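Listed below, chain by chain, are the residues.
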Number of protein chains: 2
Amino acid sequence: MSDLIKQAEQAKKMAYQLAILSTPAKNNALKAIAIALREDVAYLLNENKKDLESAEANGVAKPMLARLLIDEAAVEAMAIGVEQVATLPDPVGERVQSWVNEAGLRISEERVPLGVIGIIYESRPNVTVDAAALCLKTGNATILRGGKEAIHSNRALVKVIQKALQPLQLEFAVQLVQDTSRETAKELMKLNGFIDVLIPRGSAGLIQTVVKEATVPVIETGTGNCHIYIDQSADLMQAIEIVSNAKVQRPSACNAVETVLVHEEIAAEILPRLVGTLEDQGVEIRGDETVQAIKETVKEATVSDYETEFLDLILAIKVVPSTTAAIAHIAQYSTKHSEAILTNSYRDSQVFTKEVDAAVVYVNASTRFTDGFEFGFGAEIGISTQKLHARGPMGLPQLTSIKYVVNGEGQLRR
Amino acid sequence: MSDLIKQAEQAKKMAYQLAILSTPAKNNALKAIAIALREDVAYLLNENKKDLESAEANGVAKPMLARLLIDEAAVEAMAIGVEQVATLPDPVGERVQSWVNEAGLRISEERVPLGVIGIIYESRPNVTVDAAALCLKTGNATILRGGKEAIHSNRALVKVIQKALQPLQLEFAVQLVQDTSRETAKELMKLNGFIDVLIPRGSAGLIQTVVKEATVPVIETGTGNCHIYIDQSADLMQAIEIVSNAKVQRPSACNAVETVLVHEEIAAEILPRLVGTLEDQGVEIRGDETVQAIKETVKEATVSDYETEFLDLILAIKVVPSTTAAIAHIAQYSTKHSEAILTNSYRDSQVFTKEVDAAVVYVNASTRFTDGFEFGFGAEIGISTQKLHARGPMGLPQLTSIKYVVNGEGQLRR
């Protein structure tokens, strides 16, 4: 039996216990984890240093090193994060609805944990703690598979978490796949009967691999080729502010805007100011002929640009003749994450929100709000870009399933 | 480009139109289908005859021939079924919840269609009409892939449906995969970007193939290795009635009972009557030593029996020392479909419903009630045995996803 199967069996057994654990017991476990993280900060930093050193030796780029780094502030942020999860309402046990059927049976739909959740991610060690806390709060056992660049950090974090959970006999609630080979990752993706759902978190490449390889149910997260359409009736000053916020505030986020569509009626008026403002903020503009005519610095936007989630200070701009044309462009290139219309027309706002197929559709706001915390969920395990189970920002209820409990008095089916 | 890709592209285009179609327009389309089915009954029976003849020539078994048969009554039942779907409430557009976030954005969660639904099934032509109607009502485009034994029937049914939809310009809402080869089925299972969800309906073998092969999201349906546990405090006369109903009323159904667990305290009292009643109804009993000691007709129950969904007049019976032991047996062998406890103990009813992990958990009722119509949903596309998206009987709302519509006044993320 492989180590992974052994872990999966332990997770499955543990899931039965976690499913019936009381909310206070789960909150106590979370508090114990926060305490342990703070206690063992020196050990965590030390283990993290090993990852940083080998990353540096391998010539890993600066932004990735920053993501890999655990300092004292990072450990404190993790501990606070875990404590915050403890304060959130527990969705498990919630009665979603209840009714009496024709035979007189009382049917109650109640929230239950999913069971065993697999998380596959890259080299952000904070995901380890974050995912473990959210899954524990919702009564799920977790099998974590992080990237090999962060293996020392992840081992240390899971060791500390398990040390905190061990006196409560919950140490198998959070487990780490020790072997970071691709083969073991693939084995994890095919553990039907053990893993109830797999959530990949990271780059588009990682997510696509999981979607293609997994035979267990997957919740696809992440990729956001997001659009903002500036309608002819939009408030132009506000439009420039919103586009600038959606592009510049955090360009590496999946909810950042990648292409702006501008109605031709207002193109001449807004484009010079829009391009100027964005270029002043360091954004490279790629546009169609009309946009290129504004300024010589504007490069040509190709089909490949329209298809790309830049995740960088690059923006494509295209002029369109109508809301319908904007919707058609979005239908062709969107990854169905977050799409916005800026307009003062009631009709266009209705048409856009009805016809655009995306997890979140905005009127007169920045796409950057697609986020579990901004939505008010108090937590986020990821942003689903598929339509099954959950769509958009996923909070705690999205980590649950339901069970029908049926109370009868001897009813037989006729 | 393969024929299948062409169909998938047409389905995807159609899905955008279906998503914004009004409820009356969808209901009119359904009524047109019902009229067309009745008009073309002779054609349908004629095409069905071709399937029946080749099935007979291939020595297909009687029960399968019965499932394949379309007679006038079957067409009328299909038409009535479609009309009933037209009378059900339309879940699309329903506002599930709505709130204002800290930034002052109004966030509304609204039901939308899933998009394109693939249905893979075997040789029941009634599934063709049933699935088409449920998907159309919920604004989804459907790609149907039925078994090769029913290909003439399915072609005829989809032709009649498309004839009815064509004047409404909705003919691509329902399409049939013309080629019934395994290769084309596998191609369908990997149409990411076109198919939003695949629902297999049929045997355990079919469902497992789809789960293993598909890269698009799948809703696993069906297999039910269901248990009834008779606790020591159960009403014994009622228990015999419930077990008999759950086994005999329709043994081929996924919600029929396959193993009965009996508390040892009442074994001596209930077993002779239980075994006698079931044998009188033609049920073959396979039991442990205690059950075998009751009557020489009782065969030995093996581990393989406990693992088997008999779908037949066969029942395994096992004596257990406690509710905990019953729950452990169920955890080991259950397919998490429908599980029941018969008891008059409040405590045991609570423990059982809380600890047993299944789509539907019963107290003092027959497992046969796990059914969309019995639940009062007015429709059923299948019974989900996975925990993602939907669990248990799936009605119309389970054929929808959600979209967040966010109305702002120029909000930027800080």
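Residues numbered from 1 in each chain as written. Chains lettered and ligands numbered in written order. Predicted model: local features only at pLDDT ≥ 70, side-chain atom pairs only at ≥ 80, totals over all residues. Heavy atoms only, no water.

S.K.: Looking at this model, I keep getting lost on the domain arrangement of chain A. Mind explaining?
M.R.: One widely used convention gives an interface's size as the accessible area the parts lose upon coming together. All names here are of chain A. The domains assigned to chain A are domain 1 (3-220 + 386-406) and domain 2 (226-374). For domain 1 and domain 2, the distance between their C-alpha centroids amounts to 35 Å. Summing both sides of the interface, domain 1 and domain 2 together bury roughly 460 Å²; the carbon and sulfur share of this comes to 54%. The largest per-residue losses of area from domain 1 upon contact with domain 2 belong to Lys 387, Arg 391 and Pro 393, which jointly make up 76% of the total buried on that side. Taken together, the connections running from domain 1 to domain 2 amount to 2 salt bridges. Asp 357 is the salt-bridge partner of Lys 387, the closest N and O atoms lying 2.9 Å from each other. Along the contact surface separating domain 1 from domain 2 lie 3 residue pairs in polar contact (both at pLDDT 80 or more). (Domains from an automatic or database assignment. Buried area = accessible area lost by both parts, 1.4 Å probe. Salt bridge = Lys/Arg side-chain N within 4 Å of Asp/Glu carboxyl O. Polar contact = N/O pair within 3.5 Å; in protein donor to acceptor, adjacent residues only side chain to side chain.)

S.K.: Sorry, what's going on with the pattern of salt bridges here?
M.R.: If charged atoms from side chains of opposite charge come close, those side chains can pair. All names here are of chain A. Across all of its chains, the model carries 48 salt bridges over all chains by this definition. Measuring nitrogen to oxygen at the nearest pair gives 2.6 Å for the salt bridge that ties Glu 279 to Lys 295. With a gap of 16 residues between them, Glu 279 in helix α11 (residues 264-280) and Lys 295 in the loop between α12 (289-294) and β10 (299-300) connect regions that are remote in the sequence. Among the residues examined, Lys 295 registers a relative accessible area of 34% and is labelled partly exposed. Across the pair Lys 336 and Asp 357 runs a salt bridge whose closest N-O atoms are separated by 3.0 Å. Residue Lys 336 is found in the loop between α14 (323-333) and β12 (338-342), and its partner Asp 357 is found in the loop between α15 (346-355) and β13 (360-365); the two are separated by 21 residues along the sequence. (Helix = DSSP H or I, 4+ residues; strand = E, 2+ residues; numbered from the N terminus. Buried < 20%, exposed > 50% of the residue type's maximum accessible area, 1.4 Å probe, protein only.)

S.K.: Could you clarify how one ought to interpret helix α9 (residues 204-213) of chain B in this entry?
M.R.: Every α-helical turn comprises 3.6 residues, leaving residues that sit three or four positions apart pointing alike. All names here are of chain B. Residues of α9 that are buried: Leu 206, Ile 207, Val 210 and Val 211. Within α9, the buried residues cover an arc of 130 degrees as seen down the axis, which keeps them to one side. Residues of α9 that are buried in the fold lie against β3 (116-121), α8 (182-189) and β6 (197-201). (Arc of directions from axis to C-beta. Contact = heavy atoms within 4.5 Å.)

S.K.: When you look at unusual backbone geometry in this model, what are you seeing that I'm missing?
M.R.: Phi is mostly negative for residues that are not glycine, and the peptide bonds are mostly trans. All names here are of chain B. At Gln 169, a residue that is not glycine, the phi angle is positive and equals roughly 60 degrees. Tracing the chain through its elements places Gln 169 in the loop between α7 (151-165) and β5 (174-176). When its relative accessible area of 60% is taken as the criterion, Gln 169 is described as exposed. Unusually for a residue other than glycine, Leu 311 sits at a positive phi of about 55 degrees. With respect to the element layout, Leu 311 can be found in the loop between α13 (303-307) and β11 (314-320). For Leu 311, a relative accessible area of 36% corresponds to the partly exposed category.

S.K.: Which parts of the structure should I look at to understand the interface of chain B and chain A?
M.R.: Each partner contributes to the interface: chain B provides 71 residues, whereas chain A provides 71 residues. Roughly 6000 Å² of surface becomes buried between chain B and chain A when both sides are summed, with 54% attributable to carbon and sulfur atoms. By the criterion of area lost to chain A, the three top residues of chain B are B:Leu388, B:Tyr404 and B:Arg413, representing 15% of everything that side buries. Where chain B meets chain A, there are 6 salt bridges. Residue B:Lys387 pairs with A:Asp196 through a salt bridge whose shortest N-O separation is 3.8 Å. For the interface between chain B and chain A, the tally reads 43 residue pairs in polar contact (both at pLDDT 80 or more). Mapped by element, the contributors of at least two residues to the side of chain B that touches chain A are β2 (106-113), α9, α10 (236-248), α15 (346-355), β13 (360-365), β15 (392-394) and β16 (400-411) of chain B. Top element by residues in the side of chain B that touches chain A is β16(B). It accounts for 11 residues.

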